[in-house]
Amino acid sequence: DGRLIAFLSEANGATELWLWEAETGRQRQLTRLGNHIAGYSWARDGESLLVAANTRGGYDIYRVGVADGATQRLTGDDLYEVSPVETPGGARVLYVRLSEGWTDHEIVSIAPGGGDERVIATDSDLFDYHYGRTFGVPAVAPDGSVLLFRSHRSGWINYWAAPLEANGEPRQFCPQAADQSGATWSPDGRQVAFLSNTNGTLALWLCDADGGNARALVAPEQGVCAAPVWSPDGSTIAFFLAAPDDTQDLWLVNAASGVARRVTDTLPVGLRGQLVRPEKISYPSFDGRTIHAYLYRPPTLPPGTRAPAVLHIHGGPTSQFYDALDPLAQFLAARGFAVLMPNIRGSSGYGKEFEDLNNGDW
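Residues numbered from 1 in each chain as written. Predicted model: local features only at pLDDT ≥ 70, side-chain atom pairs only at ≥ 80, totals over all residues. Heavy atoms only, no water.

A. Up close: the environment of S196. Along the chain, the position of S196 falls in strand 17 (residues 191–198). Classification of S196 as buried rests on a relative accessible area of 2%. Sequence separation between S196 and N158 is 38 residues; the distance between their C-alpha atoms is 9.2 Å. Dropping the residues within four chain positions of it, S196 is found in contact with Q176, A178, D179, T201, L202, A203 and W205. A polar contact is formed between the side chain of S196 and the side chain of Q176, at a distance of 3.0 Å. (Helix = DSSP H or I, 4+ residues; strand = E, 2+ residues; numbered from the N terminus. Buried < 20%, exposed > 50% of the residue type's maximum accessible area, 1.4 Å probe, protein only. Contact = heavy atoms within 4.5 Å. Polar contact = N/O pair within 3.5 Å; in protein donor to acceptor, adjacent residues only side chain to side chain.)

So this is what it looks like as structure tokens:
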């Protein structure tokens, strides 16, 4: 109803859930679970929130009352249970349960107060060292008939659709040779917006409710779209957009026309046009596989001269460089260094086969 905003804060030490009152501007601590919160969502009636917290060493699902912060534990085994969300109408609670090795996932449905457990969908062989964030939150259709979840079973991290009630095998939702993320249903349930990752460029795509008619809505030459959210009337999508030479800012795009406009600009005054836009290059590895990389050239380097070079490697074991602002690369390039940022063997974003190449050799 727009009265409250929930947010996480470490103001009192542990990561806890706080509430901000829109009318008065006051804020108050809601939870006192004493540890870390990995995810949360509002109940449909706005009277409580569903929280994934590791108060007992592994993540469990809790329901927390908005009025008094009263906490009810809904799950109770030793596995990681994260990403809670209510179904439309609030009749069921869904969450994701990870295996001990964080490679297999179950989407589980329980009663609002816990119990009556049903496994809606299962997935295997998706290494999720972010304890649930790679798999993501199940995206439930507004009519409650189907949910979308991420899976590696096609060789790419694509969305798959599973019915909430009837038993049935999941089906690939929008087949595409690119990693997908950020799926969100339009308010009327007729469309889905999602992000598509091609060699570090994340475009904003739309498709119909059955996964068909997929098309790019915002396709930057170099850039990273993130966190799409529909307006209540379904006419507009708000999203973030960043680039290697620009900060992440808020944009709006008309869902019908694709016309986008920038809302905020947080790039410091004086830096517009001064940052380096890298070249996206590729080269063969020792076994003939192609490695993609970002090459930052010093802006003051005279033609035909050489520059000292820095090889910048991302963390892992699975991750990748994107078309986003990298302050370290910009800092070094401005001081005369060439910077090479390769998406090394084992990087995500290039299919499961490539991602597995560094297994045993991190």
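B. The packing of aromatic side chains, seen in detail. Enumeration over the complete set of coordinates arrives at 10 aromatic pairs. Seen from their ring centres, Y59 and Y80 are 5.2 Å apart, and the 75° between their planes marks the pair as edge-to-face. On the criterion of sequence distance, the pair formed by Y59 in the loop between strand 5 (48–53) and strand 6 (60–65) and Y80 in strand 8 (residues 80–86) is long-range, its members being 21 residues apart. Judged by its relative accessible area of 22%, Y80 falls in the partly exposed class. For the pair F173 and W185, a centre-to-centre distance of 6.3 Å together with 55° between the ring planes defines the contact as tilted. Of this pair, F173 sits in the loop between strand 15 (171–172) and strand 16 (179–185) while W185 sits in strand 16, and the two are 12 residues apart along the sequence. (Phe/Tyr/Trp six-rings, centres within 6.5 Å; stacked < 30°, edge-to-face > 60°.)

C. Structural detail: the sheet that holds strand 13 (residues 146–151). Pairing is antiparallel across the open sheet formed by four strands, whose spatial order is 12-13-14-15. The outermost strands of the open sheet, each flanked by one partner alone, are strand 12 (139–140) and strand 15. In terms of strand pairing, strand 13 meets strand 14 (residues 158–163) through six bridges, oriented antiparallel. What sits directly across from V146, in strand 14, is P163. (Pairing = 2+ DSSP bridges.)

D. How the structure looks around the sheet that holds strand 10 (residues 105–110). Read from one edge to the other, the open sheet built from four strands follows the order 8-9-10-11, with strand pairing classed as antiparallel. Strands at the two margins of the open sheet, each flanked by one partner only, are strand 8 and strand 11 (118–123). On average, adjacent strands in this sheet sit at an angle of 20° to one another, irrespective of strand direction. Here strand 8 pairs with strand 9 (residues 93–98) via five bridges, running antiparallel. When the bridges of strand 9 are listed, V82 appears paired with V96. (Axes fitted to C-alpha atoms, helices over the stretch in contact; angles between N-to-C directions.)

E. Region of interest: helix 1 (residues 327–334). Residues of helix 1 that are buried: A329, Q330, L332 and A333. The buried residues of helix 1 occupy an angular sector of 165° when projected down its axis, which confines them to one face. Facing away from the buried side of helix 1 by over 90 degrees, the exposed positions are P327 and A334. Each element contacted by the buried residues of helix 1 is listed here: strand 25 (290–296), strand 26 (309–311) and strand 27 (338–343). Its side-chain oxygen at 3.2 Å from the backbone nitrogen of L328, D326 defines the N-terminal cap of helix 1. Immediately downstream of helix 1, the backbone of G336 shows phi near 95°, a positive value. (Arc of directions from axis to C-beta.)

F. Seen up close, the side chain of E355. Note on placement: E355 falls in helix 2 (residues 352–355). Setting aside chain neighbours within four positions, we find E355 in contact with H152, T318, G346, S347 and S348.

G. Inspection of the pairing of strand 16 at higher detail. Of all seven residues making up strand 16, five are buried, and the element is well covered by its neighbours. As judged from the five bridges shared by strand 16 and strand 17, these two strands associate in the antiparallel manner. Bridge pairing in strand 17 links S181 to L195. Hairpin remark: strand 16 followed by strand 17, antiparallel, with five residues in the connecting loop; positive phi at G189, about 75°.

Purely geometric numbers; function is a separate question.
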